[in-house]
Amino acid sequence: MVLDLETCSATQLWAPAVPGRPFIRLVGTEAGIDTDPSSLVPWLASGGRLIAHNGFGFDYLALARHHGLDLLQAAEEGKLIDTMVLALALDPPKPPVDGKLSGGQIARLYSLDRCAERAGVPGKTNDLKKLARDAAKAHGHTGKPKQLEAIGYGLIPRNHPDYLAYLQGDVAACRAVYDALVPDGQLSPYARREMRVMGRLVTGITLHGTRLDLQLTQSRYDAIEARKEECRSRLVADYGLPTMTSSGAAAANPLSCKGAAEAITKAAADVGLVLPLTATGKPSTSKDALGPLLEQVREQGNQTQTELLETILSLTGARSVYGTALDHCQSDGRIHPQVAPLQASGRFSLTNPGITVFGKRGGRVTERAIFLPDADDHRLLAADLSQIDMRAMAAHAQDPAYLELFQPGRDAHSEIAAAVGLSRSDAKAIGHGWNYGMSVNGMVRHGISQALAEQFDQGMRRSFPQLVAWRDQIRERAASGQLLDNGFGRMMRPNPARAHTQGPALMGQGTARDLMMLALLRLPLWLVPQLRFLVHDELVFSVPVARLDEAGEQILQAMTFDWAPPGAALCVGVAGELSQPGSSWAECYGRNSIDPRPTGRLLPAVNGNPLAPG
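Since the structure is predicted, the reported quantities are computational estimates derived from the model, not experimental observations.

Q: Is there a simple way to explain unusual backbone geometry in this structure?
A: Glycine aside, residues mostly have negative phi, and peptide bonds are mostly found in the trans state. Backbone torsion omega between Asn 352 and Pro 353 reads 5°, so that peptide bond is classified as cis. Position of Pro 353 among the secondary structure elements: in the loop between β9 (349–351) and β10 (371–372). Backbone geometry places Asn 54, a non-glycine residue, at a positive phi of 60°. Position of Asn 54 among the secondary structure elements: in the loop between β4 (50–52) and α2 (55–67).

Q: What is the right way to read the packing of helix α22 (residues 465–479) against helix α23 (residues 499–522) from this model?
A: For any two helices packed against each other, the geometry comes down to the angle between their axes and how far apart the axes lie. Following both chains from N to C, one finds α22 and α23 inclined at 110°, their axes separated by 8 Å at the closest point. Between α22 and α23, the crossing angle belongs to the class labelled roughly perpendicular. For the pair formed by α22 and α23, the contact residues are Trp 470, Arg 471, Ile 474, Arg 475, Ala 478 and Ala 479 on the first element and Ala 499, His 500, Gly 503, Pro 504 and Met 507 on the second. Taken together, the residues of the contact of α22 with α23 sort by class into seven nonpolar, two polar and two charged.

Q: Explain helix α9 (residues 161–181) here, please?
A: Over its 21 residues, α9 runs 30 Å from end to end, which matches the ideal 30 Å to within 8%, given 1.5 Å per residue. Taken together, the buried positions of α9 are Tyr 163, Tyr 166, Leu 167, Gly 169, Asp 170, Val 171, Ala 173, Cys 174, Ala 176, Val 177 and Tyr 178.

Q: I'm lost on the nonpolar core in this one. Help?
A: Proteins that are soluble and globular tend to have nonpolar side chains buried together. Core analysis: the largest hydrophobic core is formed by 147 residues, its most contacted members being Leu 201 and Trp 585. If you tally residues by element for this core, the top one is α23, at ten residues. The contacts of Leu 201, once residues within four sequence positions are left out, are Thr 206, Val 339, Phe 348, Met 517, Leu 520, Leu 531 and Leu 534. Membership of the second largest hydrophobic core comes to 20 residues, among which are Ile 264, Ala 267, Leu 275 and Leu 293.

Q: Help me out: how do you make sense of the sheet that holds β10 in this one?
A: Sheet strands line up and pair through hydrogen bonds in the backbone, either parallel or antiparallel. Spatially, the three strands line up as an open sheet ordered β7-β6-β10, and their pairing is antiparallel. Pairing within the sheet leaves two strands with one partner each, and these edge strands are β7 (334–335) and β10. Across two bridges, strand β6 (residues 210–212) lies against β7 in antiparallel orientation. Its bridge partner being in β7, Arg 211 is matched across the sheet by Arg 334.

Q: Whenever I open this one, the packing of aromatic side chains confuses me. Can you help?
A: For any two aromatic rings, the description comes down to two numbers: the centre-to-centre distance and the angle of the planes. The final tally for this structure, using the stated rule, is ten aromatic pairs. Ring-pair connections join several aromatic residues into one group, and the members of that group are Phe 358, Phe 371, Phe 533 and Trp 585. For Arg 368, the ring lying beneath its charged end belongs to Trp 585, and the centroid distance is 3.9 Å. Positioned above the aromatic ring of Trp 526, the side-chain terminus of Arg 547 is 3.6 Å from the ring centre.

Q: Please explain the pattern of salt bridges as it appears in this structure.
A: Note that side chains of opposite charge can pair when their charged atoms are close. One pass over the full model with this rule turns up 35 salt bridges. A salt bridge links Glu 367 to Arg 364; the shortest N-O distance between them is 3.1 Å. Each member of the pair, Glu 367 as well as Arg 364, is classed as buried.

Q: Would you mind showing me how to read the pairing of strand β15 (residues 538–544) here?
A: Along a regular strand, successive side chains alternate from one face of the sheet to the other. Among the seven residues that make up β15, six are buried, leaving the element largely enclosed by the rest of the structure. In terms of strand pairing, strand β11 (residues 378–385) meets β15 through seven bridges, oriented antiparallel. Considered in β15, the bridge of His 378 is made with Pro 544. Examined bridge by bridge, strand β14 (residues 531–535) and β15 share four bridges and lie antiparallel to one another. Opposite Val 535, over in β15, you have Glu 538 as the bridge partner. Counting the residues that bridge the hairpin from β14 to β15 gives two residues, and of these His 536 lies at a positive phi of roughly 55°.

Q: Would you mind going over the environment of Gln 554 with me for this structure?
A: Checked against the element boundaries, Gln 554 lands in helix α24 (residues 548–558). Expressed as a C-alpha distance, the spacing of Gln 554 and Leu 527, which sit 27 residues apart in the sequence, is 8.8 Å. When residues no more than four places from it in sequence are discounted, the contact partners of Gln 554 are Leu 523, Pro 524, Trp 526 and Leu 527.

Conventions adopted
Residues numbered from 1 in each chain as written. Predicted model: local features only at pLDDT ≥ 70, side-chain atom pairs only at ≥ 80, totals over all residues. Heavy atoms only, no water. Helix = DSSP H or I, 4+ residues; strand = E, 2+ residues; numbered from the N terminus. Axes fitted to C-alpha atoms, helices over the stretch in contact; angles between N-to-C directions. Parallel < 35°, antiparallel > 145°, perpendicular 65-115°, else oblique. Contact = heavy atoms within 4.5 Å. Nonpolar A, V, L, I, M, F, W, Y, C, P; charged D, E, K, R; others polar. Expected span 1.5 Å × (residues − 1). Buried < 20%, exposed > 50% of the residue type's maximum accessible area, 1.4 Å probe, protein only. Core = buried A, V, L, I, M, F, W, Y, C linked by side-chain atoms within 4.5 Å. Pairing = 2+ DSSP bridges. Phe/Tyr/Trp six-rings, centres within 6.5 Å; stacked < 30°, edge-to-face > 60°. Lys NZ or Arg CZ within 6 Å of the ring centre and 35° of its normal. Salt bridge = Lys/Arg side-chain N within 4 Å of Asp/Glu carboxyl O.

Listed below in structure tokens is the structure:
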């Protein structure tokens, strides 16, 4: 049965219930429209199944949060289907000719309307936002459109004909999208698996959420804001950043004023920064343009450049990582990040707040200190899959020599590093890069000498010819526009214009994604609600101290298995690594950690090395 809910503003999902004002206002199904969602829970228990668009992102969460739905158990039993998740798996996003799609862009491409449009079926009807604005105004509220909408969703008369028509239209559109995606009504094994995956992820990460150290977060936020204010003052006093518009009014955004471009260009040059430019030749100050540069200088530990970039971004309304965490902290003292497979490889994005922006290397691991276990008698445990992208490539390529690098007691990054005279971190970076198409010149730009880069490239080609041949085959398929299957049944759509790098990268990252999901599905059910974060190849759990040893053993057991793609003869061993327990996420890696990856298993190269010169 198709389901759609009309509710108060989604921003109130985690707010305490208000007597007389239920969060879920109307329940739309193919059986009709009701105001009581409580009947859905026993209906599911008696064997019913629900279909909703973005159900794991909203509808199923609302039923779990406000009406006692056991989301995890229902998903484990195959009773919850999400047409947005289905569409992402069965009809992967088409990459743009230039650049790449952001998670937000992909989310918009997979809205109910856009999915209906691609399926050639009717989409949404009526204008819910206008109904909300009108309802807010009718109750005497004023403000900007988005403010009125947030207020008005809970005030629309529940018997308003346009409100009912909108709900009916959503139910019809969701049914049409589902029928277009699954014409025979039978989900593929991969699709069924994906619904279980989503149930497990959203139960721990979103529904339970992660406790925030509010005092520490606020103090760090205040300190950054104070530094930004000092930097803003210097921009005005030393570089002439304008603060008034041409009409003499105070500038809401000084960067839009005449003379701002020259001021920030000079300030950037004085700290050794070259800002990216817009098409008109002016310095770009958008988050998309400056975000990657900010990440780079933060990783390098350049405080002066970091402060300038953070200040410029703050003038456009961007928030610090601590400000973002505070913005999304709910009344229960927790953040409840949304999780969805919004990357071209199927990898998951955690948003509201984004978790990947909290640092891990270059001293930035301290940013993770604001995230706490569930209670004082709990600890956080982080576990990751060792060299999982490389193992995924090895399994697909079926190169015996390359597969040998991943035997127990060996560490591919360390062996490559020892063979070519690099640090392990550099060998790791260029090892991934080479697998995905990094050239010798690209390695040189990464900071590797020309001689070592050439030695590395020649050694890889000489030692692993089957890996090279498989990689070339994937590039040919990607260049022809074929969908790529990651070995589990997930289809990925490469950009033919970028087939040389994107084809192998999608195969490596997409397969690594589903190897991690296999580990997730191997976890015992008691541990699943304890999951707090998923960041690429890392899972983070909040575990009672009394069960730490048991949890660690079961997590590693879930992460340890052999895998080969269908039809392949040789398996690669998949293995997990466990952090130390921490009273914050940062403590999982040690208080002074620079590279937080556990190092207990990293051994010197043994039995010679195929990458050695000659």
